[in-house]
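A look at the structure
Listed here are the chains, written in short residue letters.
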Number of protein chains: 4
Amino acid sequence: MAATAAIRGTLQDRSDRAAFPPPDVSARPVDRAAWIAAFRTVRDETERRAAPLSPEDQQIQSMADASPTKWHRAHTTWFFEQFLLRDHLPGFRLYDERLHYLFNSYYVAAGPRQPRIMRGLITRPTAEEVAGYRAHVDRAVEGLLSEASDETLDALLPILEIGLYHEQQHQELLITDILHAFAQNPLAPVYDEAWRFPRSQAKAGLAELAGGVTRIGHDGNGFSFDNESPRHETLILPCAIDKGLVTNAQWLAFIEDGGYARPELWLSDGWLAVQAEGWEAPGYWQRNEAGQWSVMTLAGRMGIDLSLPVTHVSYFEADAYARWAGRDLPTEFEWEAAANDGLLDDAFGLVWQWTRSAYVSYPGYRPVSGALGEYNGKFMSNQFVLRGSSVATSEGHARIGYRNFFYPHQRWQFTGLRLSNYRD
Amino acid sequence: MAATAAIRGTLQDRSDRAAFPPPDVSARPVDRAAWIAAFRTVRDETERRAAPLSPEDQQIQSMADASPTKWHRAHTTWFFEQFLLRDHLPGFRLYDERLHYLFNSYYVAAGPRQPRIMRGLITRPTAEEVAGYRAHVDRAVEGLLSEASDETLDALLPILEIGLYHEQQHQELLITDILHAFAQNPLAPVYDEAWRFPRSQAKAGLAELAGGVTRIGHDGNGFSFDNESPRHETLILPCAIDKGLVTNAQWLAFIEDGGYARPELWLSDGWLAVQAEGWEAPGYWQRNEAGQWSVMTLAGRMGIDLSLPVTHVSYFEADAYARWAGRDLPTEFEWEAAANDGLLDDAFGLVWQWTRSAYVSYPGYRPVSGALGEYNGKFMSNQFVLRGSSVATSEGHARIGYRNFFYPHQRWQFTGLRLSNYRD
Amino acid sequence: MAATAAIRGTLQDRSDRAAFPPPDVSARPVDRAAWIAAFRTVRDETERRAAPLSPEDQQIQSMADASPTKWHRAHTTWFFEQFLLRDHLPGFRLYDERLHYLFNSYYVAAGPRQPRIMRGLITRPTAEEVAGYRAHVDRAVEGLLSEASDETLDALLPILEIGLYHEQQHQELLITDILHAFAQNPLAPVYDEAWRFPRSQAKAGLAELAGGVTRIGHDGNGFSFDNESPRHETLILPCAIDKGLVTNAQWLAFIEDGGYARPELWLSDGWLAVQAEGWEAPGYWQRNEAGQWSVMTLAGRMGIDLSLPVTHVSYFEADAYARWAGRDLPTEFEWEAAANDGLLDDAFGLVWQWTRSAYVSYPGYRPVSGALGEYNGKFMSNQFVLRGSSVATSEGHARIGYRNFFYPHQRWQFTGLRLSNYRD
Amino acid sequence: MAATAAIRGTLQDRSDRAAFPPPDVSARPVDRAAWIAAFRTVRDETERRAAPLSPEDQQIQSMADASPTKWHRAHTTWFFEQFLLRDHLPGFRLYDERLHYLFNSYYVAAGPRQPRIMRGLITRPTAEEVAGYRAHVDRAVEGLLSEASDETLDALLPILEIGLYHEQQHQELLITDILHAFAQNPLAPVYDEAWRFPRSQAKAGLAELAGGVTRIGHDGNGFSFDNESPRHETLILPCAIDKGLVTNAQWLAFIEDGGYARPELWLSDGWLAVQAEGWEAPGYWQRNEAGQWSVMTLAGRMGIDLSLPVTHVSYFEADAYARWAGRDLPTEFEWEAAANDGLLDDAFGLVWQWTRSAYVSYPGYRPVSGALGEYNGKFMSNQFVLRGSSVATSEGHARIGYRNFFYPHQRWQFTGLRLSNYRD
């Protein structure tokens, strides 16, 4: 059943695994078939994730940070139309010029756009009409990839590549946004009955990191986002990082020790968030009258599995937990160095891991010019870096050098933590 | 085409017109067939109004004052289940107990309920599942009406009757809410391509009202809401009321005379609304770069028809217009007395008419006990009375004594005005 | 001691009582000395009320609805400078043109003004400098009254008269605003140690009102505000009004019967206010850990005196109380008719009495033209009428026809209630 | 005249300069006289800064981030009473227990406290009464310093020392808060007529920083705040830093090039701030109708001096300026390394300098236990580090390793910037 496999599939053997990531963008001659296969793989995955959702499900925006499924499907399509077809397809015509306004996101340079908070109010085009838009653009892109001159391909492939990774980012958001939407419904709708959080593969204990000057950032092989550059040296201090992630069992101990009621454990802004939001546990947790905890998941509301990694915790919570435990969150560089050395278990595919590194630019970073320059750099304030990847991350998307980032109060993503400490 | 006739139908000859209103609730023997026909007429009209709308359209709540179409369809069904079936149907079982929470509206006494502002977040049940809920309750109600004992009918008919009028109120809201939702979409979706605002039947000039002590309120014949009682005497002062409504042409003169830019014309709270909302014209009006006005309608965005009555104006705007014109809005009692004397044209079926009467209780009013007592009385502060009915009002719903009420800043209903003045 | 007598004085025999109200504005020849005496009486009373307050006390604005003492003192002075001296004093020069901007209140027609919410941020001029401003304007006004031609006096006296009543209104606000400010301070500062709420003079029982057509509004003798006109006929229905006011003892019974926890007793907007504001008792009431109630007064925090009239209740509370008691609030016309017949005890000098009349215009009302036309008419929405006067009302200010008005959620004034009911 | 010299004095030769900083806290035997002299110097400086202010000036809180002068004077006194006298003075009694609640700031562990936003509402105690509180605590502290046993001194001196630096921090806030308050007053009050912004001493050009592993943080000599530790190694990349600060002339070029109107220059959250706050220039700048800029200063509103360093710019503005200039802000470590090497002009005494380092803890940082542990660590999210010191910083307070921090939207401090860039 399509719905059942929608998310789990990303963690399983799949026949199309080979199709993504695509070839290196600079490899010549260009393997057009491989690029088309990669394009189809990504485009299909979006539709596969949306398939279990009714037109109503795809319509709503349950908070300002989230977007409707339909919007994700249309916006990722708009991206290819706006940045790929418009400039490179001979005789290009917009599929529907009114969609341009509706499905731009935050690219100020690409023109005016629907206010973010009103994305949920656009009932037309319908989900079905968006399918038509997607099919039209898919045909056009595939045609272009087949028939473009080599020169056009040179210009086009970098755009195509970023468009594919961009769409994968929205695939993850699609899942976390619909989980948030479903969590608002007292009926606790089920996205996929068969879905289960994957089990940890972690060994116990600490991984020792010797420290020293090390190179951080993208080494130039394969795709990366601009915020992973320039590659540069940094000094790692000797420290030890947990091989595994903090678990629900550990988090319950924190709760039961009054973790959410002791201001001395919290950052000042974190304590304000605790009070304003009434946090008493991770996101989507509820305690029934008998005192038993449950959590809203993609398979509906379920009991807490103590052995799983804790997730849906904000940076503020991760930081408070580390303080309570008398330990640290690693920096993003410590994480990257440890991952490069193969020291971390469960680094990928379970939960994004908060680091104590604020999201700022690497030394000498300059955004690319034009609208695509708005991609990453303009968010470099007030957010923290997360490393790894999550259960909702698309196949082929994760990398050791990948820098994810969210505001410290946000917790609707699959976000967790691992601890570390410095050696005396 | 079903969609085309959805709203216009309410203003046309219809074969089922005879079915509503139902017989007098106290008529004996009870004409069960007539009651069933009335029930079917009302229930069908709701579905007819929803028919042109996609599942996506039916899902959204475009502002706190509005509700989703799907919610209107379910809530009116809940009303019959909660107040009629639960108490009178032998062997009654809730169709789905979770719907009870979701589709209660403001009846505090009927238990906890989904916060109003979150109505748009309930994607499940789907629009189709709500259709199943409606069909189930329809069958149960019709069965009950056929088979109930005379004694049960005695208890049941007053509930049934108020349920029918209640559903008609939601039929009007369904239309005004979807118009508001569509107005948020830059694509200006069309509810019914063939829809046109009905033309005025008014004669020019003033109707003279002699004044004197007169009886106001419901005389006991036929249905009325509790806020129309007790019937009581009041003193009407000699005055003159316009036979017709203020038109778009007249309103344009107000705009062009700086009506929206002159604070001396406005109530203090009205001027705050003008500034906070950026009002420069009635609701849904837009001026293009060439200076031409258009208005969002059920048939999409259209040019302004100068001969039509102005609509989508708030009380604040109606009051400012009257001050600009050197005239008054009538009181609700002057309106009722003039209507009783047959002096008003266009009293019904075009736009609700703001009066300068604040919505307060009639002398000696006491709400009925129980949850249905929350129906009208608890809104008796900060609102103004409107009289007449609008193009969106359901067939058979309007009455001379009917007291509609909205907050003075609200304008998403079909609200307009007629002017009056006192004789010196 | 000056401070001690500041407020109590308004309720006592005073040697200057004869000086206010001033002569009839149309009496000729003009008794210049009497007008000067009235002017001095009012101006002195403002300073007497401010005398117990430190410069710090006079500086602050404790909420948007309140104003600093210093602002009241300066604004009432600005009123005479703006509307009296500017137009009628030969060789007039503004005392300080920068004060014009600072101390205008809401007279849009009189030019731009300091945003209301920022009144508390103006530390310069100091309280002492405002005293200088007052003295300067006092001298100018008194000189003008002594020396103006008869013709100038004709134009000037109506302005002077409204200026005096205007300043008395601010005298009442000065007291209620400083009480609110002091109530925010955990130290519960004392305005006047000797102050005590005056005792009720009410007899028990109901006053019967026969009903019938009666004349309401100002009869043309003596001063009135424009909102008391035009005088007009209205129909009073037969009813009975309590001779006395609702007491603290009665209110405690309402509290103990769950009055603040039963939504069915409240208007819908009232219940929202109860929840948003956390109301559990009248304004300034606090319950200590032993369960004993105290109330913040002008003499500091004191125990509840059960025999006194309840005060600092909003319209929403008054309405809920009446519903709980199974009775009504009188209309403003019933109140006025009963007061005209001498049927009410404690009508004046204790607490303003909420009526169930929304504040709207009398039939045919038109505001006067110019800036003074903004005085009353522009507030005619969303407020309710109170009748009588309070312990903080200035000597000579109260009248049977006086229409005070506040929003239904406001309760920092000395506001209470008396009940009534209709005869069957 | 005392007022005139209030601020300028901090930049001039002063006879008491020797009194601060005090001796090293671990020097033995303890030089009691030197500690008393340091205490008096700091305490007197607070009063000297408050001296030009009226009771009204000292009362108000012009925004949530600011505090009243009176509050600064009382809170710094409370600090010595709470943390020094309470634990170490035999027979200690609180001066007034009610002040404990009023003048606690954010020390959650020290008990409940007046909500920050309501600090401006406390009119009693008066400014004069706060002077009495200060004098009382001064006598007690000086007596304790004279007479305490050596053992008590051991425990006491670290508290005394942090209390002195704490009070100096409030001295700076006192100045920036009153400037903000005065800027709200259209009369633009003058704090000190003779005040002038000090002139730059900078040479032109770039200072080259060779890079390499370097030690950062407090070396253990003299006082430091806990956030300057642990001292640790970090890697500095080769870069060049401007010897001087960005000037008003340069900032005007940014404005004239559309700096405040080009979203591509701004961080996403920065652009939201530009739009929400209507920023068109640095804080306190105004353009008159002739297009000329002025700026609110401690000497009132004055013309822009092009040669002075720009100040009252937020991090968002500093970042946008750097992007516009094609350069970087230095990291806090680059700044510290350059300052240690003597490469920077105007490092101290003009404006705090934004760095592009988010304010996070040094590796292995742990806050001290108890209430004083709340001092710095709990603010380590969402803020950026500033280095150097400003014209308002107290004598003896600045250090190369000092880490100041503010939110990126804040600009009421004397905040400016210097630029840098990496070597290719």
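Note that the coordinates shown come from a computational prediction; the quantities given were computed from them, not determined experimentally.

1. Describing the relation of the copies chain B and chain A
Least-squares fitting of chain B to chain A yields an RMSD of 0.0 Å, with the transformation described by 0.1 Å of translation along the axis and a rotation of 180°. Here the transformation between the copies is reduced to the relation of a two-fold axis. It is glutamate 56 of chain B whose C-alpha, among those of chain B, lies nearest the rotation axis, at 2.6 Å. The fraction of interface residues of chain B whose copies in chain A are also interface residues reaches 100%, indicating that both copies meet through the same surface.

2. Observations concerning the nonpolar core
Counting 216 residues, the largest nonpolar core has Leu160, Trp251 and Leu417 of chain B together with Leu160, Trp251 and Leu417 of chain C as its most contacted members. Discounting chain neighbours no more than four positions away, the residues touching tryptophan 251 of chain C are Val246, Tyr260, Pro282, Val310, Val313, Glu317, Ala318, Tyr321 and Leu417 of chain C. Core analysis: the next-biggest nonpolar cluster, separate from the first, contains 214 residues, Leu144 and Tyr365 of chain A together with Ile122 and Leu329 of chain D among them.

3. A short note on the domain arrangement of chain A
Residue and element names in this part refer to chain A. What the domain assignment reports for chain A is domain 1 (9-183) and domain 2 (206-422). Here the C-alpha centre of domain 2 lies 27 Å away from the C-alpha centre of domain 1. In this assembly, 33 residues from domain 1 lie in contact with 30 residues from domain 2. For the pair domain 1 and domain 2, the two sides together bury roughly 2900 Å², of which 61% comes from carbon and sulfur. Where domain 1 meets domain 2, there are zero salt bridges. Where domain 1 packs against domain 2, one counts 13 residue pairs in polar contact (both at pLDDT 80 or more). Listed by contribution, the elements that provide at least two residues to the side of domain 1 that touches domain 2 are helix H4 (69-88) and helix H7 (150-183).

4. Focus: the relation of the copies chain D and chain C
When chain D is brought onto chain C, the operation consists of a screw motion whose angular component is 180° and whose axial shift is 0.1 Å, with 0.0 Å RMSD remaining. A high fraction, 100%, of the interface residues of chain D reappear at the interface in chain C, so the copies pair face to face through one surface.

5. Focus: the interface of chain D and chain C
On the side of chain C, 33 residues touch chain D, which itself brings 33 residues to the contact. When the two sides are added together, the surface that chain D and chain C hide from each other amounts to roughly 2400 Å², 62% of it contributed by carbon and sulfur. Here aspartate 57 of chain C ties to arginine 124 of chain D by a salt bridge, and the two come within 2.6 Å at their closest N and O atoms. Remark: the boundary between chain D and chain C carries eight residue pairs in polar contact (both at pLDDT 80 or more).

6. Comments concerning the side chain of serine 357 of chain C
Residues and elements named next belong to chain C. Within the secondary structure, serine 357 sits in strand E8 (residues 352-358). For serine 357, the side chain forms a polar contact with the main-chain nitrogen of glutamate 332, separated by 2.8 Å. Excluding its chain neighbours within four sequence positions, the residues that come into contact with serine 357 are Thr331, Glu332, Phe384 and Val385.

Thresholds applied
Residues numbered from 1 in each chain as written. Chains lettered and ligands numbered in written order. Predicted model: local features only at pLDDT ≥ 70, side-chain atom pairs only at ≥ 80, totals over all residues. Heavy atoms only, no water. Least-squares fit on C-alpha atoms with pLDDT ≥ 70 in both. Contact = heavy atoms within 4.5 Å. Core = buried A, V, L, I, M, F, W, Y, C linked by side-chain atoms within 4.5 Å. Buried < 20%, exposed > 50% of the residue type's maximum accessible area, 1.4 Å probe, protein only. Domains from an automatic or database assignment. Buried area = accessible area lost by both parts, 1.4 Å probe. Salt bridge = Lys/Arg side-chain N within 4 Å of Asp/Glu carboxyl O. Polar contact = N/O pair within 3.5 Å; in protein donor to acceptor, adjacent residues only side chain to side chain. Helix = DSSP H or I, 4+ residues; strand = E, 2+ residues; numbered from the N terminus.

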